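Here is how the chains run, residue by residue.
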Amino acid sequence: MTDVEIRNEPKDSDWVRITSTDGFSYLVRRKVANVSGTMRNMLDTTSNYAEAVTKTCPAVNRHSRGIIAEKLVEYMCFKAHYETVGPKEDIPVSDYMERVPPEIVLELLLAADYQEM
């Protein structure tokens, strides 16, 4: 008999935890987390990163706040939901923009850049 390694391939319906440094965490589907290029690389099972094994990703970096993580998750859900919509005129971008407080825009922009979104 030969030893056969059984590998559970990740599915888009798997759950992933996104955490902030101040104790907030968000559970999202892998499809939503894959909107971020950084998280997609972290969760790649062939990489053997700790994030891939535990299915837990930090939102941004060691200084990330819960509000920034929340807005990143909101955007990832928004983008994952509307990526299959036809014309861009059908996407309610202004609805999302109204939910972003102006005092966090710069920090959110830096976090989105880090997450390759």
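First, a word on scope: everything that follows refers to the structure included in this document. (Residues numbered from 1 in each chain as written. Predicted model: local features only at pLDDT ≥ 70, side-chain atom pairs only at ≥ 80, totals over all residues. Heavy atoms only, no water.)

## Quick notes on the pattern of salt bridges
Taken as a whole and assessed by the stated rule, the structure comprises 4 salt bridges. Of the charged contacts in the structure, one is a salt bridge between Arg65 and Glu107, with a shortest N-O distance of 2.9 Å. Here Arg65, found in the loop between strand 3 (56–58) and helix 4 (66–82), pairs with Glu107, found in helix 6 (residues 105–114); they are 42 residues apart in sequence, far enough to count as distant. Classification of Glu107 by relative accessible area gives partly exposed; the value is 29%. The salt bridge partner of Lys71 is Glu74, with a shortest N-O separation of 3.2 Å. Note that Lys71 and Glu74 are positioned in helix 4 at a spacing of 3 residues, about one turn of the helix. It is possible to trace a salt-bridge network through shared partners that takes in Lys71, Glu74 and Arg99. (Salt bridge = Lys/Arg side-chain N within 4 Å of Asp/Glu carboxyl O. Helix = DSSP H or I, 4+ residues; strand = E, 2+ residues; numbered from the N terminus. Buried < 20%, exposed > 50% of the residue type's maximum accessible area, 1.4 Å probe, protein only.)

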